[in-house]
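Understanding the architecture of this molecule
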Amino acid sequence: MRKFAIILLIGIFVTVITACSANSDQAAENSSGNGEISGDLTVFGWGGGEELQSRKEATKIFKKLYPKVKVHEVWLPADNIDVKLDAALAAGNAGDVIMMSPDWKGLRSKWFEDLNPYIEKDQLDLEALLTQGVDGGYVDADGKREGMPTTASDFMIAYNKDIFDKAGLPYPTNDWTWDDFSATAKQVSSGEGANRVYGIVSHWILQSFAPFVYGGMPYNEDWSKQTLDDPDTLKGYQLFGDLVNAKAMPDDAAAKSMPMDQMFAAGRAAMYPLGVFEASTIAKNIGPNFQWGIVMPPKDPSGKTVNIKFQTGFAMNKDSKNKEAAWAYIKTVSLNKEVGDLYSKVNLPAAKESADSTFANLKIEGTDISMVDFVTGLQDAITFPWGGSIAKAGDLYEQTWQQVTVQGKSAEEAAKAYTSQIQSALDSIHQSK
């Protein structure tokens, strides 16, 4: 589960032309730079690849807008960032601006400046400036705004039209349920052994979907109680165990025989949970092999689409010696259109103006599939449930998943073995806080 890179997407919703114009004017006014702001500024963050390069390019845009600010950047690998960041915060050298994830749920709030006064001073209408769904989790239970979003992400289900056609099945629609998904995955599976065509690949993100597909959840809102043993949660895990048993999803041996993305690109699987961060690569691998499309993930029993999102933003160190410059940086990388257009090349930007224009016009490279389709599910998407401070408990949830999908245990059996351990891990989070 730690295979994922910190990658991020945001959703877009088209507004009327007059509202777009007003939003654009406000964004320009509040992220256009100020030549009088000066001094040193240290930016502390993490990442890799194209995502990290986009962060560095965003800093260059800030420097252009604020030429008197001397920026020092500290970019760390994503691995073990929690330990490194906490050590830097405790030592007082974490910098003025700190990259953050809202899945920290206030556990580092004591280190961060409340950004509400800065927003009020600049009279920012964040509801108009930020895309719906991207700002969740940055305000703690007491109303303190810990950070501003920069990017967010969710998933679509890619499907092989040729396999569906061969099976005589209609393509999935945005109104399908998880029962539909399960039935479809079994119906489009065919063949034996090395030539088996599976309904769905064994993708690492599916473990994150499992607790939620029937309206369950792995833990309660404040992380004080595990809910793995809730019947609706267990039913979600069991769905994927049943898919493995039915050979509609690869078992452990089959999953290890070929990387999941190659399995889909080679026509060995009918469906694939696709993140926008890998869309271009997947499209290149598929090439002319077959026709394909994307659809929203299925709905839970209440009719809500189940999706998982990743988010990243920036916070201000409360001990910063240059809070004026720190706020200018945070505001720029969150709201500036030039930065948003830059982020659009690798992620979905938080700036609504960029999302509604630059990103909305993109298509998956080499296809006629619009990237805008990715954003529909962001509105109700669930923040990645195993990241940040919950990583220790997340490892135990992953072991539960392995018991069901690899060891062949029932979800109920697996839960009995792990509920007490998970509860202890959750308890330790609050003790640490």
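A brief look at the structure comes next. Residue positions are counted from 1 within each chain, in the order its sequence is given. Only residues with pLDDT of at least 70 are given local features in this predicted model, and only at 80 or more are side-chain atom pairs given and counted; all residues enter the totals for whole chains, interfaces and linings. Just so you know, side-chain values use all the structure's heavy atoms and leave hydrogens and water out.

Description of the side chain of Asn160
For clarity, the threshold we go by: By the criteria applied, helices consist of DSSP H or I runs no shorter than four residues and strands consist of E runs no shorter than two, each listed in order from the N terminus. Think of it in three bands: residues with accessible area under 20% of the maximum for their type are buried, residues over 50% are exposed, and the middle band is partly exposed, with areas taken using a 1.4 Å probe on protein chains only. Any pair of N or O atoms that falls within 3.5 Å is considered a polar contact. Within protein, one atom must be able to donate a hydrogen and the other to accept it, and sequence-neighbouring residues count only if both atoms are side-chain atoms. The contact definition used throughout considers only heavy atoms, calling two residues in contact when any of these lie within 4.5 Å.
Locating Asn160 in the fold gives a position in strand E5 (residues 155-160). With relative accessibility at 2%, the residue Asn160 sits in the buried group. In terms of polar contacts, Asn160 uses its side chain to reach the backbone amide nitrogen of Ile163, at 3.0 Å. Other than its neighbours up to four places away in sequence, Asn160 contacts Phe264, Gly267, Ala269, Ala270, Phe290, Gln291 and Trp292.

Focus: helix H13 (residues 323-335)
Definition in use: Helices are assigned an expected span. That span is 1.5 Å times one less than the residue count.
Taking 1.5 Å per residue, 13 residues should reach 18 Å; H13 reaches 18 Å between its end C-alpha atoms and fits that length. Buried residues dominate H13, accounting for 11 of its 13 residues. Where H13 is concerned, the buried positions are Ala325, Ala326, Trp327, Ala328, Tyr329, Ile330, Lys331, Thr332, Val333, Ser334 and Leu335.

A few points about the packing of aromatic side chains
Filter applied, for reference: Pairs were defined over the aromatic rings of Phe, Tyr and Trp, the Trp ring being its six-membered one, requiring ring centres within 6.5 Å. Orientation was assigned from the angle between planes: stacked under 30 degrees, edge-to-face over 60, tilted for the rest.
This structure, assessed with the given rule, holds 23 aromatic pairs. Look at Phe62 and Tyr329: their rings are 5.1 Å apart centre to centre, the planes differ by 70 degrees, and that puts the pair in the edge-to-face class. Taken together, the positions of Phe62 in helix H2 (residues 49-65) and Tyr329 in helix H13 put the pair 267 residues apart, joining distant regions of the chain. The class for Phe62 is buried, based on a relative accessible area of 0%. For Tyr329, a relative accessible area of 0% translates into the label buried. The interplanar angle of 25 degrees and the centroid separation of 4.7 Å between the aromatic rings of Phe310 and Phe384 together place this pair among those described as stacked. On the criterion of sequence distance, the pair formed by Phe310 in strand E9 (residues 308-316) and Phe384 in the loop between strand E11 (382-383) and helix H16 (391-405) is long-range, its members being 74 residues apart. A relative accessible area of 5% places Phe310 in the buried class.

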